[in-house]
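# Inside the fold
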Amino acid sequence: MYPKFLSSFLIIGCLLFLSACSSDDKGNTNELPEKTLSLTIEGYVETNSYSDVEVKLQVDDTEFYGEVDALGNYSIDIEIPESQIDSFLRAEAIFPVESSIRLVSLLGSVRTLLEKSGKDQVLVRTELLDVNITSLSTALSAVIETANDGPIISQSQYELAYHKIDASVAFAIATSLKMLINDSLYLVENGLSLPEKFVDIYEFATNYSEISLYVAKVTDTVFELFVETKKEIVREEGILASSPSELSFIADSYYLPSQGVRLILRENGTGEINGLMDSVDITWMQTNNAILIEGADLVISSSYNEFDSSYEETHYKISKIKWLSEGSDLDLIVVDAQEYEHSPNGEYKDSVFVDRTDMAIALRSSGMLPISDKIELGKLYSLPIVTTPSEIINPIVEITPEYTVKVLDMRFHGSYESGGNVDITFPEINESGELFEFEKSGVWYLDNDDQIVVEMPNGVKLIYCFLNYEYKDQDWVFVLEDFEGKKTARFYSSFVQNFEDWEETEISGIYQLIDPKYSFWWPLDHYWFELKTDGAVMIISAYDSDLSGSLEDDEISMRHGLWKLNGKNNIEIRQYSDQSYKDCDPLSWSPPMNSDCQLRRVRNWEIFNIVNDQTLHVKSIFQFFSKTKEENITSDSNDSGLILESTLIYHTLVEKLSERPITIPYQ
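Here the structure is a predicted model, which means the values were calculated and not measured.

Attention now goes to the sheet that holds strand E6 (residues 102-109). Strand order in the open sheet formed by 4 strands is E3-E2-E5-E6, with antiparallel pairing between adjacent strands. Whereas interior strands pair on both sides, the edge strands pair on one side only; in this sheet they are strand E3 (62-67) and E6. Within the sheet, the average angular offset between the axes of one strand and its neighbour, ignoring direction, is 20°. Inspection of the sheet shows strand E2 (residues 54-59) paired to strand E5 (residues 88-94) by 6 bridges, in the antiparallel sense. Each bridged residue has a counterpart across the sheet, and for Val55 the counterpart in E5 is Ala93. The strands touched by helix H3 (residues 135-147) are E5 and E6; relative to E6, the strand with the most contacts, the crossing angle is about 65°.

Here we take up the sheet that holds strand E1 (residues 36-44). Pairing within the open sheet is mixed, and its 3 strands lie in the order E4-E1-E7. In this open sheet, the two strands that pair with only one neighbour each are strand E4 (73-81) and strand E7 (122-123). Note that E1 and E4 share 9 bridges and pair antiparallel. Paired with Leu37 across the bridge in E4 is Ile80. The strands touched by helix H2 (residues 110-117) are E1, E4 and E7; relative to E1, the strand with the most contacts, the crossing angle is about 70°.

Here we come to the nonpolar core. Nonpolar side chains tend toward joint burial in soluble globular proteins. Membership of the largest hydrophobic core comes to 93 residues, with the highest contact counts inside it found for Ile41 and Leu57. Looking at this core element by element, the count peaks at 11 residues for helix H5 (residues 167-182). In this structure, Leu57 is in contact with Ile41, Thr62, Glu63, Phe64, Ile76, Ile78, Leu89, Arg90, Ala91 and Leu107, ignoring residues within four places of it in sequence. Listed in part, the 40 residues of the second largest apolar core include Ile371, Val477, Val496 and Leu599.

This paragraph deals with the state of the cysteines. Under the defined criterion, the tally for this structure stands at 1 disulfide. Here Cys584 connects covalently by a disulfide to Cys597, the sulfurs 1.9 Å from one another. Given an S-S torsion of about 90°, the disulfide between Cys584 and Cys597 has right-handed geometry. Here Cys584 is found in the loop between strand E30 (570-577) and strand E31 (598-611), whereas its partner Cys597 is found in the loop between E30 and E31, with 13 residues between them in sequence. Cys597 carries the same exposure label as Cys584, and that label is buried.

Here the focus is the side chain of Asp130. Mapping Asp130 onto the fold places it in the loop between E7 and H3. Buried charge without a partner: Asp130 forms no salt bridge, and the closest opposite charge is Lys116, 7.5 Å away. Filtering out sequence-adjacent residues up to four positions away, Asp130 remains in contact with Ser105, Leu106, Leu107, Tyr158, Leu324, Ser325 and Glu326.

What follows concerns a negative patch on the surface. Together, Glu42, Asp77, Glu79 and Asp120 line one region of the surface with negative charge. Accessibility expressed as a relative area gives 57% for Asp77, which makes it exposed.

Where H5 contacts helix H9 (residues 223-235), the axes come no closer than 9 Å and their chain directions differ by 95°. Between H5 and H9, the angle is such that the two are roughly perpendicular. Residues Phe171, Ala172, Ala174, Thr175, Ser176, Lys178, Met179 and Asn182 of H5 form the contact with H9, whose own contacting residues are Leu225, Phe226, Thr229, Lys230, Glu232, Ile233 and Val234. Taken together, the residues of the contact of H5 with H9 break down into 8 nonpolar, 4 polar and 3 charged.

Cut-offs applied
Residues numbered from 1 in each chain as written. Predicted model: local features only at pLDDT ≥ 70, side-chain atom pairs only at ≥ 80, totals over all residues. Heavy atoms only, no water. Pairing = 2+ DSSP bridges. Helix = DSSP H or I, 4+ residues; strand = E, 2+ residues; numbered from the N terminus. Axes fitted to C-alpha atoms, helices over the stretch in contact; angles between N-to-C directions. Contact = heavy atoms within 4.5 Å. Core = buried A, V, L, I, M, F, W, Y, C linked by side-chain atoms within 4.5 Å. Buried < 20%, exposed > 50% of the residue type's maximum accessible area, 1.4 Å probe, protein only. Disulfide = S-S within 2.5 Å. Lys, Arg positive; Asp, Glu negative; His and termini not counted. Salt bridge = Lys/Arg side-chain N within 4 Å of Asp/Glu carboxyl O. Patch = residues over 30% accessible without salt bridge, like charges linked within 9 Å, V, L, I, M, F, W, Y side chains within 5 Å. Areas by Shrake-Rupley, 256 points an atom, 1.4 Å probe, with all protein chains shown as cover. Charge placed at Lys NZ, Arg CZ, Asp CG, Glu CD. Parallel < 35°, antiparallel > 145°, perpendicular 65-115°, else oblique. Nonpolar A, V, L, I, M, F, W, Y, C, P; charged D, E, K, R; others polar.

Honestly, that's just the spatial picture; any functional story needs more than this.
Structural data, given as structure tokens:
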């Protein structure tokens, strides 16, 4: 009986065990627990003598905190699920609430940070400059998030916005923030305290219009302190680095659009710098504090004084560079330089050196775009040049008219593999402002995938590089001109012709000129044209000259003129004035020679393309005519009676608006 009972018990026990196993299998999906990613981030905080500062690292909705030690250093361990590897990480330094200080640094996606941190998974400054949280990183973060129209939440958003920023704006904001932190009482005495509507300085920095107005007030009211604070930022340890991260090479070609130069640093310590009027050989060396540069003394402008027949040059001499941040192919650097005046013929002694400290975009050689992506064979392009290719025909010597051509039309034929011919349109202007165009043929070929060489019929060689930098919706180009061994360079925009015929009935409306230089530095600056259906045009300009934050009646100017469609996609706008330069109503489009109301300004807008049905890419010809009466001119002039004073051929952006950008109080 015992054996039988034992046998039955064993059978029942096995059945229960199998049943339990079966039940467990039903609830088991065979999924392994999600992998956890670990990373340690170590950096420095610009504490500005505050204690009890802590750092917050945020990944999506998850936050990690760490204390800042007496030396300003922090170290924070983070652990997140692998599913968040592409989430973006931002760092914030948290100060006492009453200080109104919040410093920010945008670090990157977790994936990017893990790749940079190496095998030890500890991310330090030598691997990523942005781990330091400072006034500069705060300003840079604000400018990036402004370019993104909101908080950065992905690496792709970060890279796109990073390639659109203006480094000089970031530096100006950083300087203002530094002054708010260190010199708050002095600023309060000068009416420059943090506006009450903002909780902290980062919220203030991301309000583009408010911070723009504030920077204008600061530079107008306490300019010397502003300049000294810029120098202090450069001198202070922990804010800037002497070189890029250890993951990047120093030796490279750097394209600096805001400075107008290309800087080449070779591995052997030699190099070259190319500018608008000059190119020089240089030497460089790395130190613990900066990259030191010798010989980078460029002529950036020149002038001739007719009174004493003297010739004077303005020189720009770079002495050192430091790094703030680096992207995939674009770095942010601070350039220390000096500017001075020099008379090459010895008429005057050199002026004193004026220190210049500027922040600049530095696009590396890897930031050049393939030519096949930017030049479509057979299409018409307006491309920059360095030197005006011709002079005014029969100029009036008493006037010495100015003539500047920044762009030429080009159409490329052939193949990317073997090159081909390029049709180049050369403009010529006579003494009365008449434009003549001549088409000539040149040769083009690719030097490599990202450089196109154009050999002009006059012996000039132009080398074009298209930059991975899109500021204000424009493609930016670097062009190096080589003529008989003399090299000069220019950064400018390029336009492609994608615009068909424009009917005259479609043109009337409001057109606002867009100039990137003025969008931040000139608060409440407006300049627009109102083209009426009857051929009249109203030209309105406004500027907040007293920096009050609002426009008064005397800060708004209104002028008038005429316009007409001059060709398939060419708008001509004319302004007229009397001998005292007061606006007047002409008897006709081209007034007779003896009329008191004469032509003074002419704008020709050739529309190359329209972006988003609103922004016009325009090749503009702007001419100014002298009020000097013809009877006072001894040299021959033509029958038109017009005396040209200047002509400029250049690119501009024009935005078509549905309504006026501001309300005019007295209308």
